[in-house]
Amino acid sequence: METKKLYSLFGLPLIAFNMSVMAVEDVKVYPGALCQSETNTQSIVRNTRGVMFNTGTDPQTWICPIVRDRPGSIEDATIVVRDNNGDPNADVSCTLSSRMPTGQPVDFEAQGSTGTGIVALKYGAGDPNIDSFFGDGHYYFRCTIPGTFEGRGSGVVSYRVKENANED
């Protein structure tokens, strides 16, 4: 009799927990400090909050890698950028790219900031065209970050990717 009560007490919550985990989507959030400049001669700084800034006067191009768990399962992505350049022709722009295992492009989507401030650039929203194709394709953001303006640097704060954990 006591054993049945223990199963009821512990078994049901474990089953409920297991079912809720299976329905959860896989979301990964990365600090902007994970981004890499395309050349090792660019002037950058990574602060203690994980933000990466362009501290040079010229625009820079950065690659922000995305680790994915499942091929062809990306649902959407967001990159949060800080645009501190007051020149309206010098905004932060980022492109989410998907590639085949051989490096050939599959698809891309470009977004950009307007004005100054912290901006969340959103990509995909369930669009299957940004998928990295079957197999071992990959994703990444490629961002152009303007140079400093009156001593203030622009950069990448963080980025996130949501994959559908239930897709095969």
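Structure's up top.
Summarised in this report is the structure supplied together with it. (Residues numbered from 1 in each chain as written. Predicted model: local features only at pLDDT ≥ 70, side-chain atom pairs only at ≥ 80, totals over all residues. Heavy atoms only, no water.)

Time to look at the overall build of the chain. Secondary structure summary: the chain contains one helix and 11 strands in total. Seen in sequence order, the chain has helices and strands lined up from the N terminus as α-β-β-β-β-β-β-β-β-β-β-β. Across the 168 residues of the chain, 36% fall into the buried class. At a minimum sequence separation of 6, the contacts of the chain that also span at least 24 residues come to 73%. Counting only carbon and sulfur atoms, one obtains 57% of the accessible surface of the chain, whose full area is about 9700 Å². (Helix = DSSP H or I, 4+ residues; strand = E, 2+ residues; numbered from the N terminus. Buried < 20%, exposed > 50% of the residue type's maximum accessible area, 1.4 Å probe, protein only. Contact = heavy atoms within 4.5 Å. Areas by Shrake-Rupley, 256 points an atom, 1.4 Å probe, with all protein chains shown as cover.)

So, about the sheet that holds strand S8 (residues 105–112). With antiparallel pairing, the five strands of this open sheet are ordered in space as S2-S5-S10-S7-S8. Lying at the two open borders of the sheet, with one neighbouring strand each, are strand S2 (36–37) and S8. Where strand S7 (residues 93–99) lies against S8, seven bridges are found, and the strand directions are antiparallel. The residue of S8 that forms the bridge with Ser98 is Asp107. (Pairing = 2+ DSSP bridges.)

Located in the positive-phi region is Glu150, a residue other than glycine, with phi close to 50°. Note on placement: Glu150 falls in the loop between strand S10 (138–145) and strand S11 (155–163). For Glu150, a relative accessible area of 64% puts it in the exposed group.

With respect to the element layout, Asn89 can be found in the loop between strand S6 (74–83) and S7. Of the residues examined, Asn89 reaches a relative accessible area of 72% and is grouped as exposed. Along the sequence, Asn89 and Thr114 sit 25 residues apart, while their C-alpha atoms lie 9.0 Å from each other.

Evaluated as defined, the whole model comprises seven salt bridges. A salt bridge links Lys162 to Asp76; its shortest N-O distance comes to 3.4 Å. With Lys162 in strand S11 and Asp76 in strand S6, this residue pair connects regions lying 86 residues apart in the sequence. For the pair Lys162 and Asp76, one class covers both residues: buried. A salt bridge links Arg152 to Glu150, with the nearest nitrogen and oxygen atoms 3.6 Å apart. By relative accessible area, which is 37% here, Arg152 ends up partly exposed. Among the charged side chains, a salt-bridge network with shared partners connects Glu75, Asp76, Arg160 and Lys162. (Salt bridge = Lys/Arg side-chain N within 4 Å of Asp/Glu carboxyl O.)

On to the state of the cysteines. Two cysteines whose sulfur atoms are joined by a covalent bond form what is called a disulfide. Scanning all chains against the criterion turns up two disulfides. Here Cys35 connects covalently by a disulfide to Cys64, the sulfurs 2.0 Å from one another. Across the S-S bond linking Cys35 and Cys64, the dihedral sits near 100°, which makes this disulfide right-handed. Of this pair, Cys35 sits in the loop between strand S1 (26–31) and S2 while Cys64 sits in strand S5 (residues 60–66), placing them 29 residues apart in sequence. The disulfide that involves Cys94 links it to Cys143, with 2.1 Å between the sulfurs. Its torsion about the S-S bond being 110°, the disulfide of Cys94 and Cys143 is classed as right-handed. (Disulfide = S-S within 2.5 Å.)

Next up on the list: the side chain of Glu163. Here Glu163 is to be found in strand S11. Assessed through its relative accessible area of 1%, Glu163 is described here as buried.

Turning our attention to the nonpolar core. Counting residues in each nonpolar core, the largest one holds 22 residues, and the members touching the most others are Ile66, Ile79, Cys94, Tyr123, Phe141, Val156 and Tyr159. Within the residue set of this core, elements represented by two or more residues are S5, S6, S7, strand S9 (117–123), S10 and S11. Excluding residues within four positions of it along the chain, Tyr159 makes contact with Lys28, Val29, Tyr30, Pro31, Leu34, Cys35, Cys64, Pro65, Ile66, Thr78, Ile79 and Phe141. (Core = buried A, V, L, I, M, F, W, Y, C linked by side-chain atoms within 4.5 Å.)

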